[in-house]
Amino acid sequence: MVSKGRLIGIVFGLFALVCLFATYDFSRGRTTDTDSPLIAEVLTASRAKECGRDATEIAAKYFPTGMGRAEAEQLLAQTVIKAPKPWFWKPIDENSTQADGDSVEALRTIKITAFGNQLLRIYLGFENGKVHKLAAEVVCRFE
């Protein structure tokens, strides 16, 4: 017959294995599901723990100087991911766009984990309705 102490030890050990698996699996984040080539390229170029990475060169391929404002805003609207469906945490998908005169700043979630998100911050400056300035970076938010 199994003693109470041994049974508690087995249950605790199984619980520790589940926690270890969940921590390892969700700290890496699920494979991001997106139709956006911009997000796919940024994720390919950056490492999982790389925060503060300059992504201007990659974003310049998709938002070239001289691109019209309407086209740029439409492309920003299409830059989204499909959030993972985890079983023990609720994903936070942070997407926002702020327009201020001749500039637009967009924040797009590119990777969601149980411990924080990776976001792509894009700044577009316009002159005469065309993209004149561009800056992009990968930022991390830890929950």
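Residues numbered from 1 in each chain as written. Predicted model: local features only at pLDDT ≥ 70, side-chain atom pairs only at ≥ 80, totals over all residues. Heavy atoms only, no water.

Caption draft 1: Just the overall build of the protein chain, in detail. Broken down by element type, the protein chain carries 4 helices and 7 strands. Put simply, of all contacts in the protein chain between residues at least 6 apart along the chain, 57% involve residues at least 24 apart. As presented, the protein chain carries roughly 9,100 Å² of accessible surface, and 57% of it is formed by carbon and sulfur atoms. (Helix = DSSP H or I, 4+ residues; strand = E, 2+ residues; numbered from the N terminus. Contact = heavy atoms within 4.5 Å. Areas by Shrake-Rupley, 256 points an atom, 1.4 Å probe, with all protein chains shown as cover.)

Caption draft 2: Local environment of unusual backbone geometry. One non-glycine residue with positive phi stands out, namely Asn 128, at about 55°. With a relative accessible area of 76%, Asn 128 lands in the exposed category. (Buried < 20%, exposed > 50% of the residue type's maximum accessible area, 1.4 Å probe, protein only.)

Caption draft 3: The pairing of strand β7 (residues 130-142), seen in detail. Bridge count between strand β2 (residues 53-54) and β7: 2 bridges; the pairing is antiparallel. By the bridge assignment for β7, Arg 53 is matched with Val 138. What sits between strand β6 (residues 116-127) and β7 in their antiparallel hairpin is a turn of 2 residues, with Asn 128 showing a positive phi close to 55°. (Pairing = 2+ DSSP bridges.)

Caption draft 4: Representation of the side chain of Ser 103 in the model. Positionally, Ser 103 belongs in strand β5 (residues 103-113). On the basis of relative accessibility, which here comes to 15%, the residue Ser 103 falls in the buried class. Here Ser 103 is in contact with Arg 69, Gln 98, Tyr 123, Leu 124, Gly 125 and Phe 126, once residues within four sequence places are set aside.

Caption draft 5: Representation of the nonpolar core in the model. Counting residues in hydrophobic clusters, the biggest one holds 23 residues, and the most contacted among them are Leu 38, Val 42, Phe 63, Leu 120, Ile 122 and Leu 124. Those elements giving two or more residues to this core turn out to be α2 (37-45), α3 (56-62), α4 (69-77), β5, β6 and β7. The residues touching Leu 124, leaving out its near neighbours within four places in the chain, are Phe 63, Ala 72, Leu 76, Asp 102, Ser 103, Val 104, Val 131, Lys 133 and Leu 134. (Core = buried A, V, L, I, M, F, W, Y, C linked by side-chain atoms within 4.5 Å.)

Caption draft 6: Inspection of a nonpolar patch on the surface at higher detail. A cluster of nonpolar side chains, contributed by Ile 10, Leu 14, Leu 17 and Leu 20, occupies part of the molecular surface with about 420 Å² of accessible area. Here Leu 17 falls in the exposed class, since its relative accessible area comes to 54%. (Patch = residues over 30% accessible without salt bridge, like charges linked within 9 Å, V, L, I, M, F, W, Y side chains within 5 Å. Salt bridge = Lys/Arg side-chain N within 4 Å of Asp/Glu carboxyl O.)

Caption draft 7: Here's a closer look at the pattern of salt bridges. Under the criterion given, the structure shown has 6 salt bridges. Among the ionic pairs, Glu 137 bridges to Arg 121, the shortest N-O distance being 2.9 Å. Here Arg 121 lies in strand β6 and Glu 137 lies in strand β7, a separation of 16 residues in the sequence. In this structure, a network of salt bridges that share partners links the residues Glu 105, Arg 121 and Glu 137.

Caption draft 8: Focus on the sheet that holds β5. Strand order in the open sheet formed by 5 strands is β2-β7-β6-β5-β4, with antiparallel pairing between adjacent strands. At either end of the open sheet lies a strand with only one pairing partner, and these are β2 and β4 (95-100). Where β4 lies against β5, 6 bridges are found, and the strand directions are antiparallel. Residue pairing across strands places Gln 98 opposite Glu 105, the latter belonging to β5. The sheet contacts of α2 involve β2, β5, β6 and β7, and relative to β5 the element is tilted by about 60°. On the sheet, α4 packs against β4, β5, β6 and β7 and is oriented at approximately 20° with respect to β5. (Axes fitted to C-alpha atoms, helices over the stretch in contact; angles between N-to-C directions.)

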